[in-house]
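The primary structure of each chain is shown beneath.
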Amino acid sequence: MYRPPRVSRLRHQRRKQGIVRATLFLLLFISIAVAAVYFSYHPIFSIQSINVEGDTMAAAAVTALLEEPLEEKLFYLFPKRNIFLYPVDRMEALVLDTFPMLSSVHIDREGKVLAVTTEERIPFGVFCPEDAEAEPGAECFVLDKDGYIFATEASITISTGTGSLPRFEKKTTTLSPLKTTFLPVSIFEKLKEILATLFAAGFAPVLVVVEEAGDYRITFKDGGTVLLSPDRDPTLAVEALDLLLKSDEFTKKGYSLNTVEYVDLRFGGKIYYKPR
């Protein structure tokens, strides 16, 4: 088809102009990208130090751990040490996973310094897998108020001591129960209510054994053991125990809590005990 020379020249010019605009746009984009990468490394935008606050023995180790993700790059180009790019959520999760003795970690930026606030778990009791003390090399572990197992007993004995903490036992197939819970949280809360009620009534539990059926065998500091079911009302159970210990039938036989093998409080209004 015949095209007038003028039309062909116009189309050719437009094509050249389009190529020039696209080239300029590409060069502008590359220049901006290069400038962004360059300035992202500038010291004014870089995290200079990490300050770990809070009462933690692992401050130096936490600092060293947090340096690792800061050395990484985003899209293989931008440094994560940049004050706008550091991966705060991942860093907090990394610390909690590496140091289970910490219950919380919060990272905030103060200028070019990362302020890390930590809170340590408070020991509530000692968990020993059943028969652990009789097995060579077996370990006991420390759990917090939620039943979360966060350290070996040996690792914290020097600093805080665990001698006055109640001990918990149950069978387990896990070689290392670290980072697990002794019982589901709702069940452990109920167990704590039982223990608190016993303490308030003058009994001092020192050992709680969770039987295979889920019942509790609780031994006291001054001797004596009671059996309780998880769903037993602790107030009613303590009242029933107190009535038994003061009853003529019990005292006239010369019995006391530490002279019988156990008192069974699992069956509501019926109380059983087994003489030694």
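Predicted model only: the values in this text are computed from it and were never measured. (Residues numbered from 1 in each chain as written. Predicted model: local features only at pLDDT ≥ 70, side-chain atom pairs only at ≥ 80, totals over all residues. Heavy atoms only, no water.)

Peer 1: How should the state of the cysteines be read in this particular structure?
Peer 2: A covalent bond between the sulfur atoms of two cysteines is what we call a disulfide. A complete count under the given rule lists one disulfide for this structure. The residue that forms a disulfide with C128 is C140, at a sulfur-sulfur distance of 2.0 Å. Because the sign of the S-S torsion sets the handedness, a value of about 115° for the bond joining C128 and C140 places this disulfide among the right-handed ones. Of this pair, C128 sits in strand 6 (residues 125–129) while C140 sits in the loop between strand 6 and strand 7 (141–143), and the two are 12 residues apart along the sequence. Taking relative accessible area as the criterion, C128 reaches 2% and is therefore assigned buried. Take C140: its relative accessible area is 11%, and that puts it in the buried class. (Disulfide = S-S within 2.5 Å. Helix = DSSP H or I, 4+ residues; strand = E, 2+ residues; numbered from the N terminus. Buried < 20%, exposed > 50% of the residue type's maximum accessible area, 1.4 Å probe, protein only.)

Peer 1: Help me understand the packing of aromatic side chains, please; the structure alone is not making it clear to me.
Peer 2: Aromatic ring pairs are defined here through the distance separating the ring centres and the angle between the ring planes. Tallying each qualifying case throughout the model produces 12 aromatic pairs. When the centroid spacing of 5.9 Å and the interplanar angle of 85° are considered together, the rings of F267 and Y272 count as edge-to-face. Y272 sits in the partly exposed class, given a relative accessible area of 42%. Site record: aromatic cluster; members linked through ring pairs are F124, F127, F168, F182 and F188. If you follow K170 out to its NZ or CZ, it ends over the ring of F182, 5.2 Å from the centre. The ring of F124 has K192 lying over it, and the distance from NZ or CZ to the ring centre is 5.8 Å. (Phe/Tyr/Trp six-rings, centres within 6.5 Å; stacked < 30°, edge-to-face > 60°. Lys NZ or Arg CZ within 6 Å of the ring centre and 35° of its normal.)

Peer 1: Please clarify how unusual backbone geometry should be interpreted in this entry.
Peer 2: With the exception of glycine, most residues fall at negative phi, and the peptide bonds are largely trans. A positive phi angle, close to 55°, is found at F75, a residue other than glycine. Positionally, F75 belongs in the loop between strand 2 (73–74) and strand 3 (78–79). Non-glycine residue K179 carries a positive phi angle of around 70°. Along the chain, K179 falls in the loop between strand 9 (167–170) and helix 5 (185–200). Overall, K179 belongs to the partly exposed group, its relative accessible area being 40%.

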